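Geometric and topological summary
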Amino acid sequence: MVAVTAQAPAKVNLLLQVGPVRPDGYHDLVTVFQAVSLHEEVTVTPAREWGVSVEPADGTDVSGVPLDSSNLALRAARLLAERAGVDEPVHVHVRKGVPVAGGMAGGSADAAAALVACDALWQLRSGLDGLAELGAELGSDVPFGLHGRTAVGTGRGEQLVPVLTTASFAWVFVLGSAGLSTPAVFAECDRLRALDGRADALGDGRLEAVELALRGGDPEELGAALSNDLAEAACSLAPELVATLAAGREAGALAGVVSGSGPTVALLAGSVPAARRLARELAPVVGAGRVRTATGPVPGARVLEPLV
Ligand code: C5P
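Residues numbered from 1 in each chain as written. Predicted model: local features only at pLDDT ≥ 70, side-chain atom pairs only at ≥ 80, totals over all residues.

**Description of the nonpolar core**
Ala73, Ala114, Leu115, Trp171 and Val172 are the most contacted members of the largest nonpolar core, which totals 97 residues. For this core, the element with the highest residue contribution is helix H2 (residues 106-121), accounting for ten residues. Among the domains, domain 1 (4-163) and domain 2 (169-296) are the pair contributing at least three residues each to this core. Apart from the residues within four sequence positions on either side, alanine 114 is in contact with Val42, Val44, Ala73, Ala76, Ala77 and Val92. (Core = buried A, V, L, I, M, F, W, Y, C linked by C-beta atoms within 7 Å. Buried ≥ 20, exposed ≤ 12 C-beta atoms within 10 Å, placed from the backbone. Helix = DSSP H or I, 4+ residues; strand = E, 2+ residues; numbered from the N terminus. Domains from an automatic or database assignment. Contact = placed C-beta atoms within 7 Å.)

**Regarding the UniProt feature "domain: GHMP kinase N-terminal" (unreviewed entry) in the protein chain**
Taking the UniProt record as the reference, the feature "domain: GHMP kinase N-terminal" (unreviewed entry) is found at residues 71-148. Helix makes up 60% of residues 71-148 and strand 9%, and the two end C-alpha atoms of the span are 22 Å apart. (UniProt positions renumbered as here; feature names shortened; annotations may be inferred.)

**A closer look at the site of the ligand**
Residues in close proximity to the ligand include Gly25, Tyr26, His27, Leu29, Gly139, Ser140, Asp141, Arg156, Gly157, Thr182, Pro183 and Phe186, which together make up its full environment. Elements supplying a minimum of two residues to the shell around the ligand: strand E2 (27-46) and helix H5 (182-196). In terms of residue count, the dominant contributor to the shell around the ligand is H5 (three residues). The residue inventory of the shell around the ligand, partitioned by class, reads four nonpolar, six polar and two charged. Domain assignment of the residues forming the shell around the ligand places at least three in each of domain 1 (4-163) and domain 2 (169-296). (Near = placed C-beta within 6 Å. Nonpolar A, V, L, I, M, F, W, Y, C, P; charged D, E, K, R; others polar.)

**As for the UniProt feature "domain: GHMP kinase C-terminal" (unreviewed entry) in the protein chain**
UniProt annotation of "domain: GHMP kinase C-terminal" (unreviewed entry) refers to residues 213-282 when read in the numbering used here. Spanning residues 213-282, this segment combines 57% helix with 16% strand, and its end C-alpha atoms are found 26 Å apart.

**Structural notes on the domain arrangement of the protein chain**
By domain assignment, the protein chain separates into domain 1 (4-163) and domain 2 (169-296). The C-alpha centroid of domain 2 is placed 22 Å from the C-alpha centroid of domain 1. Across the contact, 31 residues belong to domain 1 and 36 residues belong to domain 2. Top element by residues in the side of domain 1 that touches domain 2 is strand E1 (residues 4-21). It accounts for ten residues. The residue makeup of the side of domain 1 that touches domain 2, split by class, is 19 nonpolar, eleven polar and one charged.

**Observations regarding the packing of helix H1 (residues 72-84) against H2**
Relative to each other, H1 and H2 sit at 35°, their axes nearing to 8 Å. In terms of crossing hand, the pair formed by H1 and H2 is right-handed. Residue-level contacts link Leu72, Ala73, Ala76, Ala77 and Leu80 of H1 to Gly107, Asp110, Ala111, Ala114, Leu115, Cys118 and Asp119 of H2. Class assignment of the residues belonging to the contact of H1 with H2 gives a composition of nine nonpolar, one polar and two charged. (Axes fitted to C-alpha atoms, helices over the stretch in contact; angles between N-to-C directions. Left-handed = near helix turned anticlockwise from the far one by under 90°.)

**What to know about unusual backbone geometry**
Residue proline 263 follows glycine 262 across a cis peptide bond; omega there is 5°. Within the fold, proline 263 resides in the loop between strand E9 (255-258) and strand E10 (265-269). Looking along the chain, the bond that leaves glycine 296 and enters proline 297 is cis, with omega of 5°. Topologically, proline 297 is positioned in the loop between strand E11 (291-296) and strand E12 (302-304). Positioned with a positive phi, alanine 101 is a non-glycine residue whose angle comes to about 50°. Position of alanine 101 among the secondary structure elements: in the loop between strand E4 (90-96) and H2. Phi at arginine 149 is positive, roughly 60°, even though this residue is not glycine. Position of arginine 149 among the secondary structure elements: in the loop between helix H4 (142-147) and strand E5 (150-154). A residue is classified by how many C-beta atoms lie within 10 Å of it, and arginine 149, with 19 of them, is partly exposed.

**Some details on the packing of helix H9 (residues 240-250) against helix H10 (residues 272-286)**
As a packed pair, H9 and H10 sit with axes 10 Å apart at the nearest point and diverge in direction by 145°. For H9 against H10, the interelement crossing comes out right-handed. On the side of H9, the interface is formed by Thr244, Ala247 and Gly248, while H10 contributes Leu282, Val285 and Val286. When grouped by side-chain class, the residues that make up the contact of H9 with H10 number four nonpolar, two polar and no charged.

**Structural notes on the environment of threonine 150**
Along the chain, threonine 150 falls in strand E5. In this structure, the C-alpha to C-alpha distance between threonine 150 and leucine 212, residues 62 residues apart in sequence, is 13 Å. Not counting residues up to four positions away in its chain, the partners in contact with threonine 150 are Val32, Phe33, Gln34, Val163, Thr165, Leu214 and Pro297.

**What to know about the pairing of E10**
Counted residue by residue, E10 has five buried out of five residues, so it is predominantly covered. Where strand E7 (residues 169-174) lies against E10, five bridges are found, and the strand directions are antiparallel. Opposite phenylalanine 173, over in E10, you have alanine 266 as the bridge partner. Bridge analysis of E9 against E10 gives four bridges, and the strand direction is antiparallel. For valine 258, the partnering residue across the bridge sits in E10 and is valine 265. Counting the residues between successive antiparallel strands, the hairpin from E9 to E10 contains six residues, one of them, glycine 260, with a positive phi of roughly 55°. (Pairing = 2+ DSSP bridges.)

Shown next as structure tokens:
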């Protein structure tokens, strides 16, 4: 086999409840992930040396992506090789369709796709659980990039249980004008909480409301149940988000929420045509290059069969 290409999806958090900081520096979470149809594509090709390159898809700004050994797709390939005892370097090429540092787990999707592609190239048959275990070492969102669909995440987000959904949902994403660092947003959340002595609210019924809405499949009900404990911190670090959320509501979104640690804003529409209308309304307000439409849920990382 000469090269293998795999794709992995972006995610949006329908719910993101943040608990207290743990001794290891992570926060306990209760989250609901949904995989959406913005994808990263990773091609691995046998090479003399390990290497990585990146290419934008759909005008994604890739200037913030590292091209050294810290690149998550390259780290994923090397970790799998090390654990499986494979001594066959690959060149990893990433085609990015997910905003960089956008709160949509683009880097994690790169790692998920790289794991699946290398597993196929080296014919390891590690299985989804085996790859997810390795993925959790690379980042909290990597296991979800492998599993896809809709899932409740606990722990630091890496422990997953699938959620029953009966419908497809239509999303419009508005990209931030600059990326936000995930650790910085978690730290700002802690700072804001310490300032006003707020308690962390895990287990307050919000999860059940999201699960009920997903079972029912009604986008209005899901819109009413969306919430993100990191939103305030993200808005504090990137105040333009407040205006973007307001613009989304103004343009007819059922609801809007900061995606993960931001700065992407996720807007829920009632249908695919409604999402297209919403995107058309928003383009002149925020800039056409910052608007993407997508649907969810979609499957997790998978090998793309070559065209023959
Ligand atoms: O796991 P990942 O590398 O994606 O996490 C990036 C950073 O985000 C962590 O170093 C930590 O600062 C923060 N984080 C957290 N709690 C989580 C997930 C991430 O504090 N559950």
